[in-house]
Each structure stands twice: as C-alpha cells, then as structure tokens.
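# Fold and geometry: a report
Each chain, letter by letter, is given below.
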Amino acid sequence: AEALSSSVDWSRTSGAYRELMNRWKAAPRASRKEDDALWARFRAAQQVFFDARRAKDEATDAEYRDNLVAKEAILVDAEAILPVTDIDRAKAQLRQIQDRWEEVGRVPSADLHRIEGRLRAVEAAVREAEEKEWRRTRAAGMVGQLEEQIAQLERSLSEAEAKGDDKAARSVREALETKRAWLAQISSSME
C-alpha cells in the first residue's frame, strides 16, 4: 500500500488498493495494538493516493467547468437556429457550431447528459426540417407528375367519348378517378 501511494496511474492503482483491501480482510489478525498500527499505516498510504487523485480530479473539473460555460454559450447560438426557416443556412450554422463544440472539449460528467441533450435536440430539429422539406419537394414532384397524367387522361377520355368508345372511356374514367384520389391524398399530406 505504501509503495502505491505515489502512483499516478489512477485507475490501475485504485483497483490495486481494492485488491489490497480484500487481502487485508482475508488476512489473520494481529494483536489489537499491532493491528491498529498496521491499519493506520495502510489507511495513511491509501489516503495519500486518494487525496492526490481527488486534487487531480478537482483540477480537471475546474477545467471542465470552464468548458461547460463555453458550451452553454455555444448552445445559445445553436438554439437560435430554431425554428428552422432556411434549411441550408441552418445546416451551415450547425456545422460551424458542431466544430466549435468539439474544440471546447469535455464538461463535468454531472452536466454531460444535460448539455449534450440540448445540442442533440437542435440537431434533431434541423434533421427533421430537412426530412420534411425533402418529403415536401418529393411530394410536389409527384403532384406535378399526377397533374400531367390527369391532363393526359382527360384528353384520352375526350377522344374516347368523341369516338363513342364506351369501353375505352370507362377504363380511362377509372384510371382518372384513381389518379385524382392519389392527387388529393398527396396534396392533403403536404398541408
């Protein structure tokens, strides 16, 4: 335990101290006076290591707290993107924000989920707006195609009726009815 007290291999040494504690518990006892003296030396060695680790953690947390302040400022910029009105602009702004975010570094672990969650919410909103726009433009393209097909079917129906071809006219009316139903459904989904 005393040999480990100056180690800076925090994880491995913490594990070694746990193993030493297990061995301590399994070891036979000496006289009360000797046992108390040995325990005091063991605890003192442990305390030196854990105090050093705590000091290192506190220094790291102080640095991470500065990072937290920086990331909270970045979040103000990120959340200002919402609501998304210009997808290309929002995506460009988000990329710059993500780059700044990564440059800042880590935050205290107690704040990690909260702070990361706020950025993920902005990313999700931009992604959702992009998907919605893609669906809208895709639907608009389908509407154009259907309108063209309906116009062609209406011409075909006029021709079939002019020729007196009831069978062809019936078939075209059915196709026309189907295309108009699709057009209505797609149009209503775009609203």
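Above: the structure in question.
Here we summarise the structure given alongside this text. (Residues numbered from 1 in each chain as written. Predicted model: local features only at pLDDT ≥ 70, side-chain atom pairs only at ≥ 80, totals over all residues. Heavy atoms only, no water.)

### Quick notes on the environment of Val143
- By secondary structure assignment, the location of Val143 is in helix α4 (residues 109–163).
- A relative accessible area of 12% places Val143 in the buried class.
- Sequence-wise, Val143 and Asp9 are 134 residues apart; in three dimensions their C-alpha atoms are separated by 65 Å.
- With residues near it in sequence (within four places) discarded, Val143 still touches Leu183, Ile186, Ser187 and Met190. (Helix = DSSP H or I, 4+ residues; strand = E, 2+ residues; numbered from the N terminus. Buried < 20%, exposed > 50% of the residue type's maximum accessible area, 1.4 Å probe, protein only. Contact = heavy atoms within 4.5 Å.)

### Some details on the packing of aromatic side chains
- Enumeration over the complete set of coordinates arrives at 7 aromatic pairs.
- Ring geometry for Tyr17 against Phe50: centres 5.7 Å apart, planes inclined by 45 degrees, an arrangement best described as tilted. One end of the pair, Tyr17, is in helix α1 (residues 10–26); the other, Phe50, is in helix α2 (residues 32–79), and 33 residues separate them in sequence.
- Relative to Phe42, the ring of Trp39 lies with its centre 5.6 Å away and its plane at 20 degrees, an arrangement referred to as stacked. In this pair, Trp39 and Phe42 are both assigned in helix α2, 3 residues apart and thus about one turn of the helix distant.
- Judged by its relative accessible area of 8%, Phe42 falls in the buried class.
- Among the aromatic residues, those joined into a ring-pair cluster are Trp10, Tyr17, Phe49 and Phe50. (Phe/Tyr/Trp six-rings, centres within 6.5 Å; stacked < 30°, edge-to-face > 60°.)

### Details of the packing of helix α3 (residues 87–104) against α4
- Axis separation between α3 and α4 bottoms out at 10 Å; the angle between their running directions is 155 degrees. One finds that α3 runs roughly antiparallel with respect to α4. Seen from above, α3 lies across α4 with left-handed handedness. Residues Ile87, Ala90, Lys91, Leu94, Ile97, Gln98 and Trp101 of α3 touch α4, and the partners they reach there are Ile115, Glu116, Leu119, Val122, Glu123, Val126, Ala129, Glu130 and Glu133. (Axes fitted to C-alpha atoms, helices over the stretch in contact; angles between N-to-C directions. Parallel < 35°, antiparallel > 145°, perpendicular 65-115°, else oblique. Left-handed = near helix turned anticlockwise from the far one by under 90°.)

### Overview of the packing of α1 against α2
- α2 packs onto α1 with a crossing angle of 160 degrees between their chain directions and a minimal axis gap of 11 Å. Between α1 and α2, the interaxial angle falls into the category roughly antiparallel. For the element pair α1 and α2, the recorded crossing hand is left-handed. In contact with Trp10, Thr13, Ser14, Tyr17, Leu20, Met21 and Trp24 of α1, α2 contributes Asp35, Leu38, Trp39, Phe42, Ala45, Gln46, Phe49, Phe50, Ala52, Arg53 and Lys56.
- The class makeup of the residues in the contact of α1 with α2 is 12 nonpolar, 3 polar and 3 charged. (Nonpolar A, V, L, I, M, F, W, Y, C, P; charged D, E, K, R; others polar.)

### Remarks on α3
- When the terminal C-alpha atoms of α3 are compared, their 26 Å separation across 18 residues agrees well with the 26 Å that a helix rising 1.5 Å per residue should span.
- Regarding α3, the residues found buried are Ile87, Ala90, Leu94, Ile97 and Trp101. Here the buried residues of α3 occupy an arc of 85 degrees about the axis, which is enough to place them on one side. Residues of α3 that are exposed and point more than 90 degrees away from the buried face comprise Asp88, Arg89, Gln96, Asp99 and Glu103.
- Looking at the buried side of α3, the elements it contacts are α2 and α4.
- The backbone nitrogen of Asp88 lies 3.3 Å from a side-chain oxygen of the residue at the head of α3, namely Asp86.
- Looking one or two residues past α3, Gly105 carries a phi angle of roughly 100 degrees, positive in sign. (Expected span 1.5 Å × (residues − 1). Arc of directions from axis to C-beta. Polar contact = N/O pair within 3.5 Å; in protein donor to acceptor, adjacent residues only side chain to side chain.)

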